[in-house]
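Analysis of the macromolecular model
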Amino acid sequence: MPKVKTKFGQENKLIHPNSRKADQISREWHRDVRVKHNKKAMAQKMTALGEKIAWFRDQLDPDVTVYTIEQTADLVERYLGRFDEELEQIRLKNQIGQRSSRQHASREDAIELSQKLEKDEYEGCGLEIPDLSNPKNLEYLRSWTGVLRFIPNITLKRFRKPQDKGVNATSDTPSTAEEEVERSDDKTMEVA
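Small disclaimer: the values here were computed from a predicted structure and weren't measured.

To continue, consider the overall build of the chain. Each helix and strand in the chain was counted, giving 6 helices and 2 strands. In sequence order, the chain lays out its α and β elements as α-α-α-α-β-α-β-α. Taking the contacts inside the chain whose residues are at least 6 apart along the sequence as the reference set, 64% of them involve residues at least 24 apart. With an accessible surface of roughly 15,200 Å², the chain has 52% of that area assigned to carbon and sulfur atoms.

Have a look at this one:
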C-alpha cells in the first residue's frame, strides 16, 4: 500500500472527510494500530512460553540423557506445583492479620486460575512442554541461553497425564500385546 504523500508546503492542508485520501489515511492508521496490538499479544505469548521453557531447563537433571515418561510426568507435576509454597505463604499472612479483607488477593487468584487451567490442560489434551525424549532437543534446551527469538528451535510436545493400566480394567483396549493378538484372532473368527 503506498504511503500518503503530501506536496511540499501542504503538510497542514485540510482534507475533506469523505475523500479518498481521508479513507487512505484512516486505513493506514487502523492498520498501524492492529499491527501494534498483534505484536504486543505475540510478545506476551512468547514471554510466557519462554518462562515455561526456562523453568523446565532449570529443573533438568544433568546426568539424564533422555527422559522417560515417568520422569517427564514427575517433572510436569513439579511444574504444576511450582506456586504451592507462595500460595501457602499468602494464606498464612491472611490468617495472621486482624483484617477482614484478603491481602494479595489478586496474586492469589491469578495463581489459582493459572494452576487450574494448566492442570485441566495436563489432564485433558496435554500440556505443551519441551520434548525431553529427544536427545538432540534436550542438549539444545540445556545450552539455550533464554533468548526468546531462539524458542522456535526448541521442539515442543503436548504431554498428557499418564493413565494407570490397572484402573481402567473395563476398557476395550488391550493392555498387552498377547491380549491384542487374542482379540484380533477372536474378531477374525467371528467374521468368517
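Now for helix α5 (residues 135–143). Those residues of α5 lying buried are N137, L138 and L141. Considered in projection along α5, the buried side chains sweep an arc of 100° and stay on one side of the axis. Across from the buried face of α5, at angles greater than 90 degrees, the exposed residues are K136 and E139. The secondary structure elements touched by the buried residues of α5 are α1 (20–59) and β1 (127–130).

One can find Q163 in the loop between β2 (156–159) and α6 (177–191). Classification of Q163 by relative accessible area gives exposed; the value is 66%. For the pair formed by Q163 and E123, sequence separation is 40 residues and the distance between their alpha carbons is 9.6 Å.

Here we come to the side chain of T72. Take T72: it is sitting in helix α2 (residues 69–80). Take T72: its relative accessible area is 7%, and that puts it in the buried class. Setting aside residues no more than four positions away along its own chain, T72 makes contact with Y67, I129, L132 and F159.

What follows concerns the side chain of Q115. With respect to the element layout, Q115 can be found in helix α4 (residues 105–123). Here the side chain of Q115 touches L80 through a polar contact of 3.3 Å, landing on its backbone oxygen. The contacts of Q115, once residues within four sequence positions are left out, are L80, G81, F83, D84 and L87.

On to the packing of helix α3 (residues 84–96) against α4, then. Two numbers describe how α3 lies on α4: the axes approach to 10 Å, and their chain directions differ by 145°. Of the two possible hands of crossing, α3 and α4 adopt the one that is left-handed. Seen from α3, the contacting residues are D84, E86, L87, I90, R91 and N94; seen from α4, they are R107, E108, I111, E112 and Q115. Grouping the amino acids of the contact of α3 with α4 by side-chain chemistry returns 3 nonpolar, 2 polar and 6 charged.

What counts, and where the lines are drawn
Residues numbered from 1 in each chain as written. Predicted model: local features only at pLDDT ≥ 70, side-chain atom pairs only at ≥ 80, totals over all residues. Heavy atoms only, no water. Helix = DSSP H or I, 4+ residues; strand = E, 2+ residues; numbered from the N terminus. Contact = heavy atoms within 4.5 Å. Areas by Shrake-Rupley, 256 points an atom, 1.4 Å probe, with all protein chains shown as cover. Buried < 20%, exposed > 50% of the residue type's maximum accessible area, 1.4 Å probe, protein only. Arc of directions from axis to C-beta. Polar contact = N/O pair within 3.5 Å; in protein donor to acceptor, adjacent residues only side chain to side chain. Axes fitted to C-alpha atoms, helices over the stretch in contact; angles between N-to-C directions. Left-handed = near helix turned anticlockwise from the far one by under 90°. Nonpolar A, V, L, I, M, F, W, Y, C, P; charged D, E, K, R; others polar.

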